[in-house]
Amino acid sequence: MIDKYGREIDYLRISLTDRCNLRCIYCMPEEGVKSLSHAEILTYDEILRICRCAADLGIRKIKLTGGEPLVRKGCASLAKQIKAIPGIEKVTLTTNGILLAEQLDALLDAGIDAINISLDTLDPELFKKVARRDGLDKVFEGIEAALAHPGLSLKINSVPVIKEKENFIGIAGLAQKYPIHVRFIEMMPIGFGKQFPFQDEESIKAVLEEAYGPMHAVNERYGNGPCHYYEIAGFKGKIGFISAMTHKFCSQCNRVRLTSEGFMKGCLQYQEGTDLRGLMRGGCTDEQLKDAIHQVIWNKPVSHNFYEAKTEQDEIRGMSQIGG
């Protein structure tokens, strides 16, 4: 699938649920958000139908997200069924890691290709401050369990909401000790993230080079998205940056998103998109569903404009409601 700006769109991120077992400060309030009812979220059969239609249109890679996808029963079973769809080449998962160790065997049996773990600090007290919950020990159980399977691609996603240099150095050190790629993600002004200034890529690089030595850019891609990577001498993994604010990568964007309630959208910043759940429950044919997906892809905005004045088209939902 090619959009009107000539970009090949081959990647679909699917939110399985808006529910989460953490309450990260840049994602949702401490009391959480009002959860969708089971009737409001897509059934697995509906998700599979969308995946089949999307695969027919050229989608090749699927990311399962949330909320926290592992809190929804049967996540691994769904991954296995998606993986079996002709045309789907990769199925990956983003998780906070709390439930990973206990579900990893099922995910591996499903054929999951890669797992991204969201982790913003290695300090237990700071973890509780950011996530508003305990659980760092569970996250490390998940990391260790995943590392026991060398064929599984494992990455750490870190939003630098904690500004202390030691925190950046500690998180990056995971790539020194283990064959893990650590990626720093610039905070975007969406939902509760608007309350936090983003930490730019160059300042983090400066801290890491002072601690670990020169960082050298590598050309290889290690995943489905726009992350660019650096290598550091003596490191087993790479250091990556997803810098939507300072290194705008919209011209290479290859994704669309599906919320847990079945709304497909082309860009994080804007509300524009289509209610696929309504179409399916209204009795649409597969051809009509494909046409709706095609229209979202074709009309994908040329870029975000987070630095511009806000408009009525801007997204008002938080990341847990859109899909992380």
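Scroll up for the structure.
Overview of the structure. (Residues numbered from 1 in each chain as written. Predicted model: local features only at pLDDT ≥ 70, side-chain atom pairs only at ≥ 80, totals over all residues. Heavy atoms only, no water.)

Spatially, E7-E8-E9-E6-E5-E4-E3-E2-E1-E10-E11-E12 is the arrangement adopted by the 12 strands of the open sheet, whose pairing is mixed. The open sheet terminates on both sides in strands that have one partner only, identified here as strand E7 (215-218) and strand E12 (273-275). Across the sheet, the mean angle from the axis of one strand to that of its neighbour is 25°, orientation sign disregarded. Against the sheet, helix H5 (residues 136-147) touches strand E4 (114-118) and strand E5 (153-158), its axis set at about 150° to E5. (Pairing = 2+ DSSP bridges. Helix = DSSP H or I, 4+ residues; strand = E, 2+ residues; numbered from the N terminus. Axes fitted to C-alpha atoms, helices over the stretch in contact; angles between N-to-C directions. Contact = heavy atoms within 4.5 Å.)

Turning our attention to the packing of helix H3 (residues 100-110) against H5. Where H3 meets H5, the axes come as close as 8 Å, and the angle between the chain directions of the two elements is 30°. It follows that H3 is roughly parallel to H5 by the angle criterion. On H5, the residues touching Leu100, Ala101 and Leu104 of H3 are Glu141, Gly142, Ala145 and Ala146. The residue makeup of the contact of H3 with H5, split by class, is five nonpolar, one polar and one charged. (Parallel < 35°, antiparallel > 145°, perpendicular 65-115°, else oblique. Nonpolar A, V, L, I, M, F, W, Y, C, P; charged D, E, K, R; others polar.)

Let us look at the pattern of salt bridges. Using the criterion set out here, one finds 11 salt bridges in the structure. For the salt bridge of Arg49 with Asp286, the shortest nitrogen-to-oxygen distance reads 2.7 Å. Residue Arg49 is located in helix H1 (residues 44-57), and its partner Asp286 is located in helix H9 (residues 286-298); the two are separated by 237 residues in the primary sequence. Assessed through its relative accessible area of 38%, Asp286 is described here as partly exposed. For Lys290, the salt bridge is made with Asp56, and the minimal N-O distance between the two is 2.9 Å. In this pair, Lys290 is assigned in helix H9 and Asp56 in helix H1, connecting sequence segments 234 residues apart. (Salt bridge = Lys/Arg side-chain N within 4 Å of Asp/Glu carboxyl O. Buried < 20%, exposed > 50% of the residue type's maximum accessible area, 1.4 Å probe, protein only.)

Our focus in this paragraph is the side chain of Glu46. Here Glu46 is to be found in helix H1. There is a polar contact of 2.9 Å between the side chain of Glu46 and the backbone nitrogen of Thr43. Excluding its chain neighbours within four sequence positions, the residues that come into contact with Glu46 are Ile41, Met280 and Arg281. (Polar contact = N/O pair within 3.5 Å; in protein donor to acceptor, adjacent residues only side chain to side chain.)

Let us now look at the pairing of E5. Among the six residues that make up E5, five are buried, leaving the element largely enclosed by the rest of the structure. The pairing of E4 with E5 spans five bridges and is parallel. Looking at E5, one finds that Ile117 is bridged to Ile156. Relative to strand E6 (residues 181-185), E5 is paired through four bridges, and the arrangement is parallel. Among the inter-strand pairings, Ile156 is bridged to a residue of E6, identified as Val182.

With respect to the helices and strands, Ser35 occurs in the loop between strand E1 (11-15) and H1. Considering only alpha carbons, one finds Ser35 and Thr17, 18 residues apart in sequence, at a separation of 8.9 Å. Contacts of Ser35, omitting those with residues within four sequence positions, involve Asp18 and Arg19.

On to the packing of aromatic side chains. Pairs of aromatic rings are described using the distance from one ring centre to the other and the angle between the two planes. In this structure the tally under the stated criterion is four aromatic pairs. Aromatic side chains Tyr212 and Phe235 sit 5.0 Å apart centroid to centroid with 80° between the ring planes, which places their arrangement in the edge-to-face category. One end of the pair, Tyr212, is in helix H7 (residues 201-212); the other, Phe235, is in the loop between strand E8 (228-232) and strand E9 (239-242), with 23 residues separating them in the sequence. For Tyr212, a relative accessible area of 22% corresponds to the partly exposed category. Residues Tyr230 and Phe241 carry aromatic rings whose centres are separated by 5.9 Å and whose planes lie at 80° to one another, so their mutual orientation is edge-to-face. Here the residue Tyr230 occupies a position in strand E8, and Phe241 occupies one in strand E9, the gap between them amounting to 11 residues. Like Phe241, Tyr230 is buried. Each member of the aromatic cluster is reached from another via a ring pair, and the members are Phe168, Phe184, Tyr230 and Phe241. (Phe/Tyr/Trp six-rings, centres within 6.5 Å; stacked < 30°, edge-to-face > 60°.)

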